[in-house]
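Results of the structural survey
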Amino acid sequence: HFDPSGRLLTEWPIETPLNYNLNAIAVAPDGTIAVPVQNKVILYAPDGRQVGGFFHNWIVWETHFAFWGNDLLLANIHHRNTVVAYDRQGAVVGELTSFGDPQSKLYAPVTLALSPDGSRAVVAHEGDSLLEVFDADRLTPVGRLTLPARPHNVAVSPDNRMAWITAPSAGR
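So, here's what we can say about the structure. The model shown is predicted, which means the values in this text are computed figures rather than measured ones.

Turning our eyes to something else, we now look at the overall build of the chain. Counting secondary structure elements, the chain contains 0 helices and 14 strands. Each helix and strand of the chain, placed in order from N terminus to C terminus, yields the pattern β-β-β-β-β-β-β-β-β-β-β-β-β-β. Taken across its 172 residues, the chain has 46% of its residues classed as buried. Within the chain, counting contacts between residues at least 6 apart in sequence, those at least 24 apart form 35% of the total. Carbon and sulfur atoms make up 52% of the accessible area of the chain, which amounts to about 9400 Å² in all.

Below, the discussion takes up the pairing of strand E4 (residues 50-55). Strand direction decides the pairing type here: strand E3 (residues 40-44) and E4, joined by 5 bridges, are antiparallel. Counted as the bridge partner of Tyr44 is Gln50 from E4. Connecting E3 to the next strand, E4, in antiparallel fashion are 5 residues, including Gly48 with a positive phi near 95°.

Right, let's get into the sheet that holds strand E8 (residues 92-96). Pairing is antiparallel in the open sheet, where 4 strands are placed in the order E5-E6-E7-E8. Because the sheet does not close on itself, it has two edges, and the strands there are strand E5 (65-68) and E8. Taken pair by pair, the neighbouring strands of this sheet meet at an average axis angle of 25°, ignoring direction. Where strand E6 (residues 72-77) and strand E7 (residues 82-87) come together, 6 bridges link them in antiparallel fashion. Looking at E7, one finds that Ala75 is bridged to Val84.

Even without a glycine there, the phi angle at Asn160 is positive, about 65°. If you trace the backbone, Asn160 turns up in the loop between strand E13 (153-156) and strand E14 (163-166).

Note on placement: Val122 falls in strand E10 (residues 120-125). For Val122, a relative accessible area of 5% translates into the label buried. Once the C-alpha coordinates of Val122 and Thr111 are considered, the two residues, 11 residues apart in sequence, prove to be 8.5 Å apart. The residues touching Val122, leaving out its near neighbours within four places in the chain, are Thr111, Leu112, Ala113, Leu131, Glu132, Val133, Val154 and Val156.

Across soluble globular proteins, nonpolar side chains show a tendency to be buried alongside one another. By size, the foremost hydrophobic cluster in this structure holds 16 residues, and its most contacted members are Val41, Phe65, Phe67, Leu73 and Tyr86. Listing elements by their share of this core, those giving two or more residues are E3, E5, E6 and E7. Looking at this core element by element, the count peaks at 3 residues for E6. Residues in contact with Leu73, not counting those within four places in the same chain, are Ala26, Ala34, Val41, Phe54, Phe65, Ala66, Phe67, Val84, Ala85 and Tyr86.

Turning to the side chain of Thr32, a few remarks are in order. With respect to the helices, strands and loops of the structure, Thr32 is situated in the loop between strand E1 (26-27) and strand E2 (33-37). Relative accessible area serves as the criterion here: at 7%, Thr32 is assigned to the buried category. Here Asp30 takes part through its side chain, which lies 2.8 Å from a polar atom of the side chain of Thr32. The contact partners of Thr32, leaving out residues within four places of it in the chain, are Ala26, Val27, Leu43, Tyr44, Phe67 and Arg88.

So, on to the pattern of salt bridges. It is possible for side chains of opposite charge to pair when their charged atoms get near one another. For the structure on display, the rule yields 4 salt bridges. The salt bridge partner of Arg88 is Asp30, with a shortest N-O separation of 3.2 Å. Of this pair, Arg88 sits in the loop between E7 and E8 while Asp30 sits in the loop between E1 and E2; the two residues are 58 residues apart in sequence, bridging distant segments of the chain. Salt-bridge contacts for Asp135 lead to Arg120; the nearest nitrogen and oxygen are separated by 3.5 Å. Taken together, the residues Asp135 in strand E11 (residues 130-135) and Arg120 in strand E10 connect sequence positions 15 residues apart. Judged by its relative accessible area of 9%, Asp135 is buried. Owing to a relative accessible area of 31%, Arg120 belongs among the partly exposed residues under this scheme.

Calculation criteria
Residues numbered from 1 in each chain as written. Predicted model: local features only at pLDDT ≥ 70, side-chain atom pairs only at ≥ 80, totals over all residues. Heavy atoms only, no water. Helix = DSSP H or I, 4+ residues; strand = E, 2+ residues; numbered from the N terminus. Buried < 20%, exposed > 50% of the residue type's maximum accessible area, 1.4 Å probe, protein only. Contact = heavy atoms within 4.5 Å. Areas by Shrake-Rupley, 256 points an atom, 1.4 Å probe, with all protein chains shown as cover. Pairing = 2+ DSSP bridges. Axes fitted to C-alpha atoms, helices over the stretch in contact; angles between N-to-C directions. Core = buried A, V, L, I, M, F, W, Y, C linked by side-chain atoms within 4.5 Å. Polar contact = N/O pair within 3.5 Å; in protein donor to acceptor, adjacent residues only side chain to side chain. Salt bridge = Lys/Arg side-chain N within 4 Å of Asp/Glu carboxyl O.

Below, the structure written as structure tokens:
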């Protein structure tokens, strides 16, 4: 946890298996922090106390998260070609597996981000170089863009008008 100038305010250890890289983190509006460790999600209070968590065998090292409000966690499940909405107890409450129709399957959703106002989920697909936008309330597609390179990360601007991606394979 850092202040706006970059000064370290607090830190705490997270017990992980040997050689396990922590690959994702999400923070809810209420300050709850979610971190995936192997097949589980650990929830922490802003002061580092563990306040919950859940196990789900779909969650693996490449899973990225975004809180949707305080109660739901969206996760890309790369190896299952899906985006899942979990409640804080780990129940699956929604799942995106295609872009609007059964013929248009998600392929390797590598990362996701929610717009700052929570209205849109933006999903980057490494496998077919796509950026897709979903209505976060209905989990329905609203837009799709073919990218010039394979995306790896995505972020949405504070005004919800732009998304940025990284594309390491293209040096971008």
